[in-house]
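Letter by letter, the chains look like this.
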Amino acid sequence: ALPIFNHINLLKFKNNVTLFNSNFIEYTTSKLYDFIIANPPYLVIDKNLVPQQYDNFIVGRPNMFGLFILHSLSMLKNYKKFKFLKGDDISNFL
C-alpha cells in the first residue's frame with residue numbers, strides 16, 4: 001500500500017487535500033470532511049476487534065468493509081461523499 005500512497009502523495013491537487021496513511025479505524029478527529037477515499041480490506045474480523053462505538057451496528061460476523069463504512073459516515077459533513085477503492089481502481093494509479 002505504501003508505494004500507492006507515495007505515488008498519490010506526489011500528485012498536485014487544485015484544492016486543499018490532506019492525505020493519511022494510517023489505521024483508518026483507529027483514526028479519531030473532531031474535524032468533519034467533505035470527501036473520504038479509502039481502500040478497505042475485505043475480510044471478516046473477530047467481534048472483539050470492533051470498536052465499542054460500532055457494537056450496536058454489528059449483527060453476525062463483523063467485517064472491515066462494514067467498519068470502514070460506519071467510520072467514514074461518522075467523519076463526513078452532511079450530504080458529502082466517500083469512495084472506496086477496489087482492485088481495478090488501484091491499478092489506475094500505477
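Model, not experiment: these values are computed from the prediction. (Residues numbered from 1 in each chain as written. Predicted model: local features only at pLDDT ≥ 70, side-chain atom pairs only at ≥ 80, totals over all residues. Heavy atoms only, no water.)

Quick word on the overall build of the protein chain
Broken down by element type, the protein chain carries three helices and two strands. Taken from N to C terminus, the helices and strands of the protein chain fall in the order α-β-α-β-α. In the protein chain, which comprises 94 residues, the share counted as buried stands at 29%. For the protein chain, contacts bridging at least 24 residues in sequence account for 54% of all contacts bridging at least 6. For the protein chain, the exposed area adds up to about 7,300 Å²; of that, 55% sits on carbon and sulfur atoms. (Helix = DSSP H or I, 4+ residues; strand = E, 2+ residues; numbered from the N terminus. Buried < 20%, exposed > 50% of the residue type's maximum accessible area, 1.4 Å probe, protein only. Contact = heavy atoms within 4.5 Å. Areas by Shrake-Rupley, 256 points an atom, 1.4 Å probe, with all protein chains shown as cover.)

Focus: a nonpolar patch on the surface
Where nonpolar side chains cluster on the molecular surface, the patch consists of L11, F13 and V17 and spans about 240 Å² of accessible area. If you trace the backbone, F13 turns up in the loop between α1 (2-9) and β1 (33-38). (Patch = residues over 30% accessible without salt bridge, like charges linked within 9 Å, V, L, I, M, F, W, Y side chains within 5 Å. Salt bridge = Lys/Arg side-chain N within 4 Å of Asp/Glu carboxyl O.)

A few points about the pairing of strand β2 (residues 76-84)
In the sheet, β1 pairs with β2 via five bridges, with the strands oriented parallel. Along β2, the bridge assignment pairs A38 with F84. With helix α2 (residues 64-74) bridging β1 and the parallel β2, this β-α-β connection has right-handed handedness. (Pairing = 2+ DSSP bridges. Right-handed = clockwise from strand over helix to strand, strands pointing away.)

What to know about α2
Those residues of α2 that fall on the buried side of the exposure criterion are M64, L67, F68, L70, H71 and S72. The inward-facing, buried residues of α2 contact β1 and β2.

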